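Structural features, examined
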Amino acid sequence: MDRTDTPLLAAGCRSWLLAIALLLTANDAAAGDFDALRSQALELDLAASRIGSDTLSETLNVYVGVRAQEVWLREVWLQIDGDPIQHYQYSQREAEALRASGLHGLLSSRLSPGPHRIRAQAAVAEVGAHASEARRRAAVDVNIDKGAAPAELELSWAPGGVVKGSTLKLINWQRSTDSVVPADSQSRYRVGDPIDPRLRAVAFLEATGRHYQSQRLLRQLQAEAPGAAPNETPVPDGPSPGTPAMYTAYQALLAGNADLAAVDRLGAGEPCSTRPTLLCDHVNTELGYAWLAQHEGIKAADVFRRVRAPGPLASAAMLGLGWALLAPSTGAEADKAEATPVAYGRKPLHEPRAMKDKELGGAMRAALVPWIELIGRDPTDPAVQEAQIAIAWAMNELGSEVQAQDYYNRVIAQLEGLVQRCDKARTELAAQTLATGIVGKAPSEAWHWSLADRLPDPRWWVLPATKDSESFYLIPLLQQASFDAQLRQLREAHEVQAALSAQRQRLSVSGDAQAPGLVASIDALQPGIAATITSTSQALDALAQTKIAAIRDQALHSLVEARYGLAQLYDRAAEVASK
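Read on for an overview of the structure. (Residues numbered from 1 in each chain as written. Predicted model: local features only at pLDDT ≥ 70, side-chain atom pairs only at ≥ 80, totals over all residues. Heavy atoms only, no water.)

A word on the pattern of salt bridges
Spelled out, the test is: Salt bridges are defined as contacts in which a side-chain nitrogen from Lys or Arg sits within 4 Å of a carboxyl oxygen from Asp or Glu. Note on exposure labels: buried denotes an accessible area under 20% of the residue type's maximum, exposed denotes more than 50%, and partly exposed covers the range between, all computed with a 1.4 Å probe on protein chains only. Counting from the N terminus, the helices are the DSSP runs of H or I reaching at least four residues and the strands are the DSSP runs of E reaching at least two.
In total, this model carries 25 salt bridges according to the counting rule given. Between Arg305 and Asp302 there is a salt bridge, and its shortest N-O distance comes to 3.6 Å. Residue classification places Asp302 among the partly exposed residues on the basis of a relative accessible area of 42%. Salt-bridge contacts for Asp484 lead to Arg488; the nearest nitrogen and oxygen are separated by 3.0 Å. Taken together, the residues Asp484 and Arg488, both in helix H15 (residues 481-507) and 4 residues apart, mark about one turn of the helix. Look at Asp484 and you get partly exposed, because its relative accessible area is 30%. A relative accessible area of 36% means that Arg488 is categorised as partly exposed. A single salt-bridge network, built from bridges that share partners, covers Glu152, Arg175, Asp196, Arg198 and Glu224.

What follows is the structure, encoded as structure tokens:
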């Protein structure tokens, strides 16, 4: 095995990006058309909402918020009198928007004046808590006497005091006509004030990517209070001072024309030394492999150790660290190389029998430390695949043929299983589009539309294959910006379609003279929106198929290497036996 020819350096591992780029270029025009359709739909929606609207005295709006900064809101349940229970699960993006003072419009319905019973429950997770830790729950059960004015309630997870912790509270908001409302008011506001629940709902919608609904609500509010606008969410520290230089360095590394020494100083300095970011990890990972390609093992090892672990690039860095410990070094630093002892109390491997270079044997044992840490991680990661093959290769070089055979057979079985899963996923996707399983719920259900309810078990690869649909490819797919953009467009297109359909249904029974013209305009827009939904659904399927194919191709590449290594091991054993 060539130690410098890693999947992360091979150009073939990124070839699937070309197919995605071509696909997105073909969809640019469709995206532009949808922007125009969305603008027209918004005007029609607003015009229709002004015709025959519900009586204000029968309006109830229930919002959900978070004022305690030490928790993430995960779920909420609400029941009005004896009506069906409303249940909502929050995605992480929504939980962050709630903590930034946004309000989620959980319910908007008609409620007659008079006494009513409000029962609600919420579940939160402590910030920094492990996913397996139990969630905290709290409930409220109150009676309200609704008057003639619209009712606006906020279910808020409020901070606690010295004795009692944070808990769920119900706030009954009241619109004030006074010229001045106290700044510390907890339940009174003027229309258009920063604490106006509708403005905070606009901020929540905008922060969670629901731009159509946020613009619709904001335009309705501005009709009452011209100039009203939500507060912009501040960025605590702003972009790091070194971000532009880091990005330029990263682009130069990918192009292969970077000044490695200059990039090395950049990757070791601010902000990476004190506030490392994902961009810092990308730069240091690529820089490490660039040093490795020049056989600068000592420099590469130092760079790989800068990458955060755990982190999205930790596996790639640990793979590179192992190769760096084996790579020859040049110059004065070559004399400073020291073998790292085997860690975590593992027993020393057999002394190398096939090699007489004990220094190289020590380097191999040192390289095994980061590689062995990658055992049991996501097998779709090329770094994990290569590390397992590298372990078997190193075992064989150190004279541990039996252990080498076991590792080769293990990785071969795992890769064969991965290829089978890829084939099954491609077949399932060809039989039923990805969008079919997404559009089953309303676009307001962010938990569903972010595919959170379709993600596989966090360690899906250790579970036996079942008859259930494969979804392992969704994890890397959701990290792809192009897929996220198409998924958001599909959601917004369905939201526009649903809003116009609801308005059309209401206008069709209205006796207003403007209703027929608005219905005709809505009917004229619907084919274009339907075409956008179809093209976006096809784009999502193409991106998913491309991702599955890329995972499968990488698995086959690693499978060939593993089988070749195992064949070499058998040939060597046969050669020794024949002597």
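Having seen the model, we can carry on.
Observations regarding the state of the cysteines
Our working definition: Note on terminology: disulfide denotes any pair of cysteine sulfur atoms within 2.5 Å.
Inspection of the entire model under this criterion finds 1 disulfide. Across the disulfide from Cys272 sits Cys280; the S-S distance is 2.1 Å. Because the torsion about its S-S bond is -85 degrees, the bridge between Cys272 and Cys280 counts as left-handed. An identical accessibility class is assigned to Cys272 and Cys280; each is buried.

A short note on the sheet that holds strand S9 (residues 188-189)
Strand-to-strand pairing in sheets goes through backbone hydrogen bonds, with the strands running parallel or antiparallel. The line we're drawing: Only strands joined by at least two bridges in the DSSP assignment are considered to pair.
With respect to topology, 5 strands assemble into an open sheet ordered S4-S1-S7-S8-S9, the strand pairing being mixed. Edge positions in the sheet fall to strand S4 (104-110) and S9, since each of these pairs with one other strand and no more. The pairing of strand S1 (residues 59-66) with strand S7 (residues 151-158) spans 7 bridges and is classified as parallel. Each residue of the ladder has a partner; that of Asn61, found in S7, is Glu152.

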